[in-house]
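A look at the structure
Listed below, chain by chain, are the residues.
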Amino acid sequence: MDDDATVSAADIARLGGVGRAAVSNWRRRYPDFPQPVGGTASSPLFGLSDVAGWFHARGKKFELSAAERAWQRLRALGDDLDLAERVNRAGVFFAFQAGIFDTFDHKLADAELLTLLSEMTHRTGPVDAFELLCRRYFEAHSRRLSTTPEPVAELMARLVGPVSAILDPACGFGALALASGAKTVLGQDSDPMTASIASLRLRLRGVEADVHAVDALREDAFAGRTAEAVLCDPPFNERAWGHDELVGDARWEYGLPPRGEPELAWVQHCLAHVEPGGTVAILMPGAAAGRRSGKRIRGNLLRAGAVRAVVTLTSVGPDLWLLRRPVAGERPPSTVLLGEAGDDLSTVEVDWLEFLARPESGVRIIDLLDDDVDLSPARWRARDEDPGQAFQAVRERFDELAPHLPPLETADVEQTFTTIGELVKAGVVEVRHAARADAEPPVAEAGDVVASVTGTAYVHSGPSHPVGAGLTVYRVDPERLDADFLAGCLRAADLPATSASTRIDSRRVRIPRCPLDVQYRYGLVFQQLAEFDDVLREAAETGRELVRLGFAGLVEGRLRPTTAVGGSVGAEPLGRGAGVAPPH
């Protein structure tokens, strides 16, 4: 075993078949648990040999397969900044073993690593072996790397239909190309190592891959070439995309993309590379559907019949645009699909197939060609709603939100307090936050308390997840402190910021001293108060929606006052017999 190999707490949990909370508890409870040998206070690294010895000494399960040993050896051979190059080199070795390359310079690789990679190939085959290393690499650098989520990639591939050849001008590590199942892939990515890894993943699967490591907008490697379909997940909001040097480019068939609209440059690049009648599936930021600067191009795309659908995938995620390159002589379509999927991506395919079967079910393009040319699905959903029916539905929801406070009574309890600082010293609480703005964020495990500088605090549930900027993670010893109790105390406290940073200074927060069973009871009431607060917020939002729909419904004739308001009104429309003269 490599003495220099290191593992993170997440690695230890995975290898030991336990959760991250168990590793944290071991560190607190066992003085002989291996000490960190590197990393940071919030993301420590441990010696792999030390950890394995500690597990074996206690008879605990510790799975260290050839694949895991290869991954740890790969990480130990250099800096994490160069990890992509080493992963790529491993891919080249797998391709050599698969017969894709005739030679491999063994002098450029570590002998121990090659032995482990060979063992991986023998056990799983080169394709699965390389995929495992790629997954580990994506996990290790999840904050630095941008990869298309697998469910989204598979959806995009299904929507363009089965094709034999695709083009992806911003291919990344090849997620869209792999999901497509195409036998021929034309790809580009501006990062050489990313492009090389994508090419290796495809070629190991027998795909004929032609991947170039250049920026597709500035240097089109496939000028004049087309494919059956184009899949693309381009970078968003890149101002330095080459606007000035590409002013007269032939790809801008629908108009020169404004400097601040690089996404519309990618749309036109994709349309230029798909066969007439072929489909483009591209992810776009939600703002691209309605920015005023891009309305001319959106209008031209609509008039030509190039835009076929715009679907919002999640409330905070990207939009999926489906486009079709017009066929000369064909009459442009008259409708377009505008929809919202939420978290259920399966509805997108259903809606798309229904739209193809019944185009009249879509939004009329002529109605979109107004002063804004806004393709935002949310806007058109609101425009098409019946404010009268919507008012009644929202009112029912508002009635359901009648809030109830948890039962509380007055008391005169003499409380004694400790502080979080004292609990940290006693090993009851572990506080984790990013020490610097560029530091890795702390990771919240199930049962951790997450608190912000604004005074909110909650107990994290679900899988491990890095928290956002300005958040602090409190990991408690559940046998001595209840997490919900701590969250309530943090929420009750005035959390002052330190003079050196904006993070909360939790050391001074007072925590009542009480037995664990009392903490449980208090924690339950703290949960109920937090839920009451959530209900109040939703009731306020629902109330504002009721007001909006009430005004709209009254003006549009979809609502009318009841007899309880100013006597009987009857069915006379506003403007006749109601003191308002109709226009002449």
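The structure contained in this document is the topic of the report that follows.

The rules behind each value
Residues numbered from 1 in each chain as written. Predicted model: local features only at pLDDT ≥ 70, side-chain atom pairs only at ≥ 80, totals over all residues. Heavy atoms only, no water. Core = buried A, V, L, I, M, F, W, Y, C linked by side-chain atoms within 4.5 Å. Buried < 20%, exposed > 50% of the residue type's maximum accessible area, 1.4 Å probe, protein only. Helix = DSSP H or I, 4+ residues; strand = E, 2+ residues; numbered from the N terminus. Contact = heavy atoms within 4.5 Å. Phe/Tyr/Trp six-rings, centres within 6.5 Å; stacked < 30°, edge-to-face > 60°. Pairing = 2+ DSSP bridges. Salt bridge = Lys/Arg side-chain N within 4 Å of Asp/Glu carboxyl O.

Residues I282 and W321 are the most contacted members of the largest nonpolar core, which totals 41 residues. Among the elements that take part in this core, helix α11 (residues 262-272) stands out by supplying 6 residues, more than any other. Setting aside residues no more than four positions away along its own chain, W321 makes contact with L264, V267, V280, A281, I282, M284, A288, A289, R298, A309, V310 and L375.

Once that is clear, we can look at helix α4 (residues 66-76). Most of α4 is tucked away: 9 of the 11 residues are buried. Among the residues of α4, those classed as buried are A66, A67, E68, A70, W71, Q72, R73, L74 and R75. Of the surrounding secondary structure, the elements contacted by the buried residues of α4 are β1 (6-8), α1 (9-16), α3 (48-57), α5 (83-97), α6 (111-124) and α7 (126-140).

A separate point is helix α8 (residues 150-160). Think of an α-helix as turning once every 3.6 residues; residues three or four places apart then point the same way. Residues of α8 that are buried include every one of V152, A153, L155, M156, A157, L159 and V160, and no others. The inward-facing, buried residues of α8 abut α9 (175-180), β7 (227-232), β8 (274-284), β10 (319-324) and α13 (346-357). Just downstream of α8, G161 is the residue with a positive phi angle, here 85°.

This model, assessed by the stated rule, comprises 18 aromatic pairs. On the numbers, 4.8 Å between centres and 70° between planes, the contact of F33 with W54 is edge-to-face. With a gap of 21 residues between them, F33 in the loop between α2 (20-29) and β2 (38-39) and W54 in helix α3 connect regions that are remote in the sequence. The exposure classification of F33 matches that of W54, with both residues buried. With a centroid separation of 6.0 Å and 50° between ring planes, the pair formed by Y137 and F138 is classed as tilted.

For the rest of this paragraph, the subject is the pairing of strand β19 (residues 471-476). The buried fraction of β19 amounts to 5 of the 6 residues, a majority that puts the element mostly inside the structure. With 4 bridges joining them, strand β14 (residues 429-432) and β19 adopt antiparallel strand pairing. When the bridges of β19 are listed, E430 appears paired with R475. By the bridge criterion, 4 bridges tie strand β16 (residues 449-452) to β19 in an arrangement that is antiparallel. When the sheet's bridge partners are listed, A451 is paired in β19 with T472.

Scanning the entire structure with this criterion turns up 29 salt bridges. Among the ionic pairs, R29 bridges to D477, the shortest N-O distance being 3.6 Å. Residue R29 is found in helix α2, and its partner D477 is found in the loop between β19 and α18 (483-492); the two are separated by 448 residues along the sequence. One salt bridge connects E119 with R123, and the closest N-O pair in it is separated by 3.2 Å. With E119 and R123 both in helix α6, this residue pair falls 4 residues apart, about one helical turn. Ionic contacts of the salt-bridge type, sharing partners, join the residues R29, D477, E479 and R480 into one network.

Below, the discussion takes up the sheet that holds β2. In space, the 3 strands of this open sheet follow the order β1-β3-β2, with antiparallel pairing throughout. One side of each edge strand has no neighbouring strand; the edge strands of this open sheet are β1 and β2.

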